[in-house]
Amino acid sequence: MGEWVVKSIKMGSIRLDRSAMTHYKGKGEKITVPIWSAGATDGIHKVIVDTGIRDLETYRLAEPGVEQEEDEQIVNAVKKIMGWNPEEVDIVINTHLHCDHSGGNSQFPSAKFYVQQTEWEEAFNPIAPEAPFYDQACFDKSALSYFRWEFLKGDTEILQGLRVITTPGHTRGHQSVLFDTKDGVICVSGDICNVAENVNGNLEPNIIVDVAATYESFKKIRQAAHYILPGHEPAIKNGSDKFIPVNYKLS
Ligand SMILES: [Zn+2]
């Protein structure tokens, strides 16, 4: 008990300028990056972290360069990588409620959902530049009953070997998920780290609402985790349980 197996699950891909994830570094370099979710099990519980996009047309309004294969649609992707049907999933954790991280929430009829209270409040009242990334149909009562949410207030142990830590910066209510595994602690970081270079190079991504909080969150992840699955890291393979080592020596 308390030892988890974590796998990356690809929910689509985005064609973008590299500098969008690395604060102007790499400007002009066009790359295609995955949208990562994760599946995890301790042998008893079935957990999904982030649920990808709701549909291509809606998400293209926020991010024109997005593509999604049929086997990257959430139900197909969870079946392919984890071997689970949607009704078997017990827990869904949203790192944040942007529409490429909460789009498939409505697909899990039996799950309990975990989000930070601050993120929930921001999602219904975003600051102007954030507004295109929040699609209320991904998380409001048309997607799932409010009674199925757990609204968290800070760092929380959800199960043995499964914790969330607050990592504000990309959004004010953002959280990252930590799993104890045989290889050490794995952080599923959502978008506080788009790519490993953010946390390992101390380099902010472009879409952030709070610069100082972002760097504090990087430090918190470096202190807490041995490996990281960033939200859009291209160096990780689909279905892999091998992630990027964290440069925890960086202060
Ligand atoms: Zn985001």
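Below or above, wherever it landed, is the structure these notes cover. Just so it is clear, the model here is predicted, and its values are computed rather than measured.

1. A few points about the overall build of the chain
Then, in step 1: The helix and strand tally for the chain stands at five helices and 13 strands.
Then, in step 2: Since a compact globule built from 251 residues should have a radius of gyration of about 18 Å, the 16 Å found for the chain is in line with a globular shape.
Then, in step 3: Overall size of the chain, expressed as C-alpha extent along the three principal axes, is 45 × 40 × 35 Å.
Then, in step 4: In the chain, which comprises 251 residues, the share counted as buried stands at 55%.

2. Brief notes about the environment of T58
Then, in step 1: If you trace the backbone, T58 turns up in helix α1 (residues 56-62).
Then, in step 2: A distance of 2.7 Å separates a polar atom in the side chain of T58 from a polar atom in the side chain of D55.

3. Considering the side chain of T22
Then, in step 1: By secondary structure assignment, the location of T22 is in the loop between β1 (5-17) and β2 (30-41).
Then, in step 2: Judged by relative accessible area, which is 0%, T22 ranks as buried.
Then, in step 3: Side-chain polar atoms of T22 contact the backbone oxygen of R18, separated by 3.1 Å.
Then, in step 4: When residues no more than four places from it in sequence are discounted, the contact partners of T22 are V195, E197, N198, L203, E204, P205 and N206.

4. Comments concerning the coordination of the zinc ion
Then, in step 1: Each protein donor to the zinc ion is listed here as H96 (NE2), H98 (ND1), H170 (NE2) and D191 (OD); together their distances run 2.1 to 2.4 Å.
Then, in step 2: Around the zinc ion sit four donor atoms; with metal-centred angles ranging over 91 to 167 degrees, the donor geometry is irregular.
Then, in step 3: Considered as a linear motif, the donors of the zinc ion on their single chain read H-x1-H-x71-H-x20-D. Taken together, the residues H98 in the loop between β5 (91-93) and β6 (112-116) and H170 in the loop between β9 (162-166) and β10 (175-181) connect sequence positions 72 residues apart. Of the two residues, H98 and H170, both sit in the buried class.

5. Points about the sheet that holds strand β8 (residues 156-159)
Then, in step 1: The strand order across the open sheet built from six strands is β8-β9-β10-β11-β12-β13, with neighbouring strands paired in mixed fashion. The open sheet has two edge strands, β8 and β13 (244-245), and neither has a second partner.
Then, in step 2: Across four bridges, strand β11 (residues 184-190) lies against strand β12 (residues 227-230) in parallel orientation. Residue pairing for β12: I186 is matched across the bridge by Y227.
Then, in step 3: Packing against the sheet, helix α5 (residues 211-224) makes contact with β9, β10, β11 and β12, and its axis sits at approximately 155 degrees to β9.

6. Observations concerning unusual backbone geometry
Then, in step 1: Positive phi values are uncommon outside glycine, yet D50 reaches one of about 70 degrees.
Then, in step 2: Its place among the elements puts D50 in the loop between β3 (46-49) and α1.
Then, in step 3: At N202, a residue that is not glycine, the phi angle is positive and equals roughly 50 degrees.
Then, in step 4: With respect to the helices, strands and loops of the structure, N202 is situated in the loop between α4 (196-201) and α5.

7. Let's talk about the packing of aromatic side chains
Then, in step 1: On inspection of all chains with the given rule, the structure shows ten aromatic pairs.
Then, in step 2: A ring pair is formed by Y215 and F218, whose centres lie 5.5 Å apart and whose planes are at 75 degrees; its orientation type is edge-to-face. With Y215 and F218 both in helix α5, this residue pair falls three residues apart, about one helical turn.
Then, in step 3: An aromatic cluster of at least three residues, connected via ring pairs, comprises F113, W120, F124, F139, Y146, W149 and F151.

About the criteria used
Residues numbered from 1 in each chain as written. Predicted model: local features only at pLDDT ≥ 70, side-chain atom pairs only at ≥ 80, totals over all residues. Heavy atoms only, no water. Helix = DSSP H or I, 4+ residues; strand = E, 2+ residues; numbered from the N terminus. Rg over C-alpha atoms; globule rule 2.2 N^0.38 Å. Buried < 20%, exposed > 50% of the residue type's maximum accessible area, 1.4 Å probe, protein only. Polar contact = N/O pair within 3.5 Å; in protein donor to acceptor, adjacent residues only side chain to side chain. Contact = heavy atoms within 4.5 Å. Donors = N, O, S within 2.8 Å, 3.2 Å for Na, K, Ca; no water. Tetrahedral: all angles 85-135°; square planar, octahedral: opposite > 155°, others 65-115°. Pairing = 2+ DSSP bridges. Axes fitted to C-alpha atoms, helices over the stretch in contact; angles between N-to-C directions. Phe/Tyr/Trp six-rings, centres within 6.5 Å; stacked < 30°, edge-to-face > 60°.

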